[in-house]
Amino acid sequence: MTSAVSYRKEGAIAILTADNPPVNALGHAVRDGLVTGIAQANEDPEVRAILIICAGRTFFAGADIREFGKPQVAPSLRDVHEAMTASGKLIVSAIHGTALGGGFETALASHYRCALPSAKVGLPEVNLGILPGAGGTQRLPRIAGVEKALEMITSGRPIGAAQAKAMGAIDVIVDGELLPAALDYVNRLVAEGAPLRRVSDLQIDAASLPDGFFDAARARLAKEKRGFLAPQKCVDAVEAAVTLPFAQGLLRERELFEDCMASTQSRAQRYAFFAEREAAQIPGLGKEVKARPVASVGVLGAGTMGGGIAMNFLNAGIPVTLVEVKAEALDRGIATIRKNYEATAAKGRIKPEDVAKRMALLTGALEKSALKDADLIIEAVFENMELKKSIFAELDAIAKPGAVLASNTSTLDVDEIAAATSRPGDVIGLHFFSPANVMRLLEIVRGANTKDDALVTALQVAKTIGKVGVVSGVCYGFIGNRMLEPYGREAELVALEGATPSQVDKALYDFGFAMGPFAMYDLAGLDVNHLVRESHRDKLPTNPNYYAIGDAVYKLGRYGQKTQAGIYTYTPGSRTPHPDPVIETLVQSEAARLGIAQRSFTDAEIVERCVYALINEGARLLAEGIAYRPGDIDQVWLNGYGFPVYRGGPMIYADIVGLDKVAAKIAEFRAQYGEEYWPHAPLLEKLAAAGKSFADWREVM
Ligand code: 3HC
Ligand code: NAI
């Protein structure tokens, strides 16, 4: 046996225990161990049944994603399942933790399945841009019915043991310790003479499917998962389960799986899976640096951000003290939080009793002294340096030793804020994105003096509240907003040069962004953007065309959705943008004033201008050490700015296009628009010249 799978016998049962930390991914050694173990059991006449179980924290979490893209070494997972099918012994899987992807498929290839009540099962392959490729699309519809199977496969969402049992995917839920309980179950099956029940032998009830079921699913998913390839392929595979015999269905599944695997979407999504996890690792910091415990949180400012920030912690069961200056603002902030929870409960997303439970964890206060016991204090008051400095000086006097003091500033210098305290090592930026209880990104701004354990605490906090924490160094706008600036600038310039704002938005929406840049201005507020620019005008490009449209629209008093008019117009109560001829004329007259000739644009040109501006700035951030890895930049853009998930982020997108092409185009733009807008990014240029990609960036640093 391999070291990844051990074999032992208990009476008439052969127990195959896989042990491949951390998540028992079905890598080569595990697959080999399973095939060998099954063969050994087959040869032993005493063995009546085989129990497949995993050591450690979970049943198989799926195929080993790190092996993808490399030549596969036999046996494949399908070979494992074939060995299971061919065996004359009764095969039972015992599930704890999460049986995901190939792991759940292995359970489905068994004759029976038992699980702990806390176990979960799922087919999350779609999130990696692929589909279940080891029989999941053929077996699950046979066991759970086509509709439920399709929902699980296309959503990728795991379900709990009870729900899995209700749909027939688990036979029994066992309590207590898994191994003895599973052995009891297998012994019972053996004693009863239970048949070798193969899922592949079950018939699908296709007649009960509504007419046009699969086409309707394709149309629905084309909207819900706009631009994604894998969900469509999942539908094709499940349809094959209905229209083809099992063996042919498996072949069809294989073809579709391989189509997905070869797609750039899957490459990008698999990259994003690992980039998300890598973001939590800080170069030079090992596991010896421990997070400080965070059992209570203080939030200062109950406005747009403070309220959302507080909700994250209440959702995670952590008590929050919310501090405001005026009772009225505090009452309003607390009422908004309650209203949000009530709305969520009304939609059935949380239980009605959860509203009271979460609100009971919230305490309002008008004095900062109420924060004296908080382990973490997050400041979310107005964006004003003098105000923030005076608040941090006060917090310094109040907070207990070791408390982490964080600012939610979106632009200000965290080092300057930290210098207002006697403990700059405890000060950090925690930049949440609006709406703070929804957006997954948390930019963690590491000041020059931030202590390592304060940083690790922030990363742990991100994990606790379900955010993707990405560390940024201190610079204006950190990673995300610094890159947003040239992106928005190019969107405006392209409009001044002749594309309408709605064409610009449509081109970027069709590229896959959640919304176009002009619609985003309207959402964030043109007033907010204008004031931010004014606050550091001396550091901005001096070209009069720089954000000329945003400033001109602001001067009309059109601030976006909040005034029902910005770049677009809005009807009361609606967020749907309507193109406005007034703005199109304004853009034309601004172009005339600035002496910019107008021409027509293709969507591809618009995308190049805007997205290449992101890439150029990203390369500069990387070289400056503001971002630690290209993957961190990509995580910021996927989780904070609506960059299309299936493109993996701007940096991997550049790799996929080819850095030579990207660099050549950027050089053209520089020749036309100058260094002020398209500054050199030597890292990008060196990589392109060497025929390398951002994945190799350390080699040229
Ligand atoms: N293959 C390789 N490595 C994996 C892995 C997998 N399937 N799943 C997790 N890992 C690694 C992670 O990269 C991470 O590595 P690191 O410590 O070096 O960063 C480590 O395991 C722990 O993972 P998490 O930090 O995510 O741990 P959590 O406890 O938060 O979550 C989990 C555990 C729920 C299992 C989560 O890791 C997960 O969702 N994994 C992916 C599951 C999945 O997508 N399975 C389908 C794979 S594709 C497949 O099976 C194809 C088949 O149909 C043919
Ligand atoms: P807001 O104006 O909605 O809320 C600020 C709140 O702080 C107000 O309720 C105000 O009464 C309160 N406040 C002011 N002085 C205070 C004091 N001394 N003590 C306690 N409370 C005080 O502002 P918003 O939008 O919530 O922004 C807060 C911070 O978050 C700013 O630094 C902003 O740059 C940052 N930010 C904002 C984002 C957004 O989209 N609105 C996104 C990310 C960060």
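The protein goes by 3-hydroxyacyl-CoA dehydrogenase NAD-binding domain-containing protein in an unreviewed UniProt entry, where it is assigned to Govanella unica. Quoted verbatim from the Catalytic activity (unreviewed entry) heading of the UniProt record, the comment on the protein is "a (3S)-3-hydroxyacyl-CoA + NAD(+) = a 3-oxoacyl-CoA + NADH + H(+)".

A.B. asks: Quick question: what am I supposed to make of the environment of Gly249 here?
C.D. replies: Mapping Gly249 onto the fold places it in helix α10 (residues 246–261). You can call Gly249 buried: its relative accessible area is 0%. Between the C-alpha atom of Gly249 and that of Leu659, which follows or precedes it by 410 residues, the distance is 40 Å.

A.B. asks: Help me out: how do you make sense of helix α7 (residues 178–192) in this one?
C.D. replies: Think of an α-helix as turning once every 3.6 residues; residues three or four places apart then point the same way. The terminal C-alpha atoms of α7, which comprises 15 residues, lie 21 Å apart, in line with the 21 Å expected from a rise of 1.5 Å per residue. Next to the buried residues of α7 lie β1 (5–10), β2 (13–18), β3 (49–54), β4 (90–95), β6 (112–115) and β9 (172–173). Positive phi appears at Gly193, one or two residues downstream of α7, with a value of about 70°.

A.B. asks: Whenever I open this one, the sheet that holds β9 confuses me. Can you help?
C.D. replies: Strand pairing in a sheet is mediated by backbone hydrogen bonds. Such pairs are either parallel or antiparallel. Spatially, the six strands line up as an open sheet ordered β1-β2-β3-β4-β6-β9, and their pairing is mixed. Edge strands, defined here as strands with exactly one partner in the open sheet, are β1 and β9. Sitting on the sheet, helix α1 (residues 28–43) touches β1, β2 and β3, and the angle it makes with β1 is about 25°.

A.B. asks: Sorry, what's going on with the state of the cysteines here?
C.D. replies: What we call a disulfide is simply a covalent bond connecting the sulfur atoms of a pair of cysteines. Within the structure shown, the criterion is met by zero disulfides. Between Cys54, a free cysteine, and Cys114, which holds the nearest cysteine sulfur, the sulfur-to-sulfur gap is 12 Å. Residue Cys54 is classed as buried on the basis of its relative accessible area of 7%.

A.B. asks: Help me understand the packing of helix α5 (residues 146–155) against helix α8 (residues 213–224), please; the structure alone is not making it clear to me.
C.D. replies: In a pair of packed helices, the angle between the axes and the distance between the axes together describe the arrangement. Where α5 meets α8, the axes come as close as 12 Å, and the angle between the chain directions of the two elements is 25°. Classed by the angle they form, the pair α5 and α8 counts as roughly parallel. In the crossing of α5 with α8, the sense of the turn from one axis to the other is right-handed. Residues Val146, Glu147, Leu150 and Thr154 of α5 form the contact with α8, whose participating residues are Phe213, Phe214, Ala217 and Leu221. Residues belonging to the contact of α5 with α8 are distributed by class as follows: six nonpolar, one polar and one charged.

A.B. asks: Would you mind going over the site of ligand 1 with me for this structure?
C.D. replies: Neighbouring residues of ligand 1: 24 residues in total, closest Arg57, Gly102, Glu105, Glu125 and Arg277. Backbone polar atom of Ala63 to a nitrogen atom of ligand 1: 2.8 Å apart, as the coordinates give it. Take Glu105: an N or O atom from its side chain is 2.7 Å from an oxygen atom of ligand 1. Alone, ligand 1 offers 980 Å² of accessible surface; in the complex the protein occludes 76% of this.

A.B. asks: How do you make sense of the UniProt feature "domain: 3-hydroxyacyl-CoA dehydrogenase C-terminal" (unreviewed entry) in the protein when you look at a structure like this?
C.D. replies: According to UniProt, the "domain: 3-hydroxyacyl-CoA dehydrogenase C-terminal" (unreviewed entry) feature falls on residues 477–570 and 606–692. Annotated as residues 606–692, this span is 70% helix and 0% strand, and its ends, taken at the C-alpha atoms, are 26 Å apart.

A.B. asks: Help me out: how do you make sense of the side chain of Ser87 in this one?
C.D. replies: Note on placement: Ser87 falls in the loop between α2 (77–86) and β4. Not counting the four nearest positions on each side in its chain, Ser87 is found in contact with Ile38, Asn42, Ile50, Leu196 and Arg198.

A.B. asks: When you look at the side chain of Asp44 in this model, what are you seeing that I'm missing?
C.D. replies: Summarising the element assignment, Asp44 is placed in the loop between α1 and β3. Each residue touching Asp44, except ones within four places of it in the same chain, is listed here: Lys9 and Lys89.

A.B. asks: Whenever I open this one, helix α13 (residues 327–346) confuses me. Can you help?
C.D. replies: When the terminal C-alpha atoms of α13 are compared, their 28 Å separation across 20 residues agrees well with the 28 Å that a helix rising 1.5 Å per residue should span. Within α13, the full set of buried residues consists of Ala329, Leu330, Gly333, Ile337, Tyr341 and Ala345. The buried residues of α13 occupy an angular sector of 160° when the element is viewed end-on, so they sit on one face. Residues of α13 that are exposed and point over 90 degrees away from its buried face: Glu328, Asp331, Arg332, Lys339 and Ala346. Here the buried face of α13 lies against α12 (304–315), β11 (320–323), α14 (352–360) and β12 (362–365).

A.B. asks: Even after reading the chapter, I still don't get the site of ligand 2, so can you show me in this structure?
C.D. replies: In the neighbourhood of ligand 2, 20 residues make up the surrounding shell, with Met305, Glu324, Glu383, Lys388 and Asn408 lying closest. One nitrogen or oxygen atom from the main chain of Met305 is found 2.8 Å from an oxygen atom belonging to ligand 2. Take Val381: an N or O atom from its main chain is 3.2 Å from an oxygen atom of ligand 2. When ligand 2 is considered free in solution it has 830 Å² of accessible area, and contact with the protein chains removes 78% of it. The set of elements that each furnish at least two residues to the shell around ligand 2 consists of α12, α15 (385–398) and β15 (427–432). Split into classes, the residues belonging to the shell around ligand 2 amount to nine nonpolar, eight polar and three charged.

A.B. asks: Explanation requested: the pattern of salt bridges in the structure shown.
C.D. replies: Tallied over the entire structure, the rule returns 47 salt bridges. Notably, a salt bridge pairs Lys506 with Asp510, separated by 2.5 Å at the nearest N-O pair. On the criterion of helical spacing, the pair formed by Lys506 and Asp510 is a turn pair, its members being four residues apart in helix α19 (residues 501–511). One salt bridge connects Arg670 with Glu675, and the closest N-O pair in it is separated by 3.8 Å. With relative accessibility at 41%, the residue Glu675 sits in the partly exposed group. One connected set of salt bridges, linked through shared partners, spans Asp215, Arg218, Asp236 and Glu239.

A.B. asks: Hey, could you run me through the confidence of the model for the protein in this one?
C.D. replies: Predicted coordinates in areas of low pLDDT are best not read in detail. When pLDDT is averaged along the protein, the result is 97; 100% of the residues meet or exceed 70. Interface confidence in the predicted complex, given as ipTM, is 0.95; pTM for the same model is 0.95.

A.B. asks: Sorry, what's going on with the packing of α1 against α2 here?
C.D. replies: Where α1 meets α2, the closest approach of the two axes is 9 Å, and the angle between their N-to-C directions is 15°. Overall, the two elements α1 and α2 adopt an arrangement that is roughly parallel. α2 is crossed by α1, and the crossing has left-handed handedness. The segment α1 lies against α2, with Arg31, Leu34, Val35 and Ile38 engaging Leu77, Val80, Ala83 and Met84.

Here is what the cut-offs are and how they apply
Starting from 1, residues in each chain are numbered consecutively following that chain's sequence as written. Both sets of labels track the order of writing: A upward for chains, 1 upward for ligands. Local features in this predicted model are restricted to residues whose pLDDT is 70 or higher, and side-chain atom pairs enter the listing and the counts only when it is 80 or higher, whereas totals over whole chains, interfaces and linings include all residues. Only hydrogens and water are set aside; all other atoms, that is, all heavy atoms of the structure, feed into the side-chain values. UniProt positions are given in the numbering used here, feature names are shortened, and annotations may be inferred rather than shown by experiment. Note on conventions: DSSP H or I runs of at least 4 residues are helices, E runs of at least 2 residues are strands, and numbering of each starts at the N terminus. Only protein chains enter the accessibility calculation, which uses a 1.4 Å probe. A residue is then buried if its area is under 20% of the maximum for its type, exposed if over 50%, and partly exposed in between. In this scheme, a helix's expected span is set at 1.5 Å multiplied by one less than its residue total. Here, residues are in contact when the closest pair of their heavy atoms is within 4.5 Å. In short, DSSP must find at least two bridges between two strands for them to pair. Whenever a helix is involved, its axis is fitted only over the stretch in contact; in every case the axis is a line through C-alpha atoms, and angles between N-to-C directions fall within 0 to 180 degrees. By disulfide we mean two sulfur atoms from cysteines, separated by a distance within 2.5 Å. Working definition: roughly parallel below 35 degrees, roughly antiparallel above 145 degrees, roughly perpendicular at 65 to 115 degrees, and oblique for all remaining angles. Working rule for handedness: look at the near helix, and if it is turned counterclockwise from the far one by less than a right angle, call the crossing left-handed; if clockwise, right-handed. Polarity classes work like this: nonpolar for Ala, Val, Leu, Ile, Met, Phe, Trp, Tyr, Cys and Pro, charged for Asp, Glu, Lys and Arg, and polar for all others, with Gly in that last group. Throughout, the term near means that a residue has one or more heavy atoms lying within 4 Å of the molecule or strand in question. Think of a polar contact as two N or O atoms within 3.5 Å of one another; within protein, one of them needs to be a possible hydrogen donor and the other a possible acceptor, and neighboring residues in sequence only count if both atoms come from side chains. Computed with the Shrake-Rupley method and a 1.4 Å probe, the accessible areas treat only the protein chains shown as cover for residues. By construction, the arc corresponds to the directions joining the helix axis to the C-beta atoms. Salt bridge, as applied in this entry: a Lys or Arg side-chain nitrogen positioned within 4 Å of an Asp or Glu carboxyl oxygen. A residue's pLDDT is the confidence the predictor assigns to it, expressed on a 0 to 100 scale.

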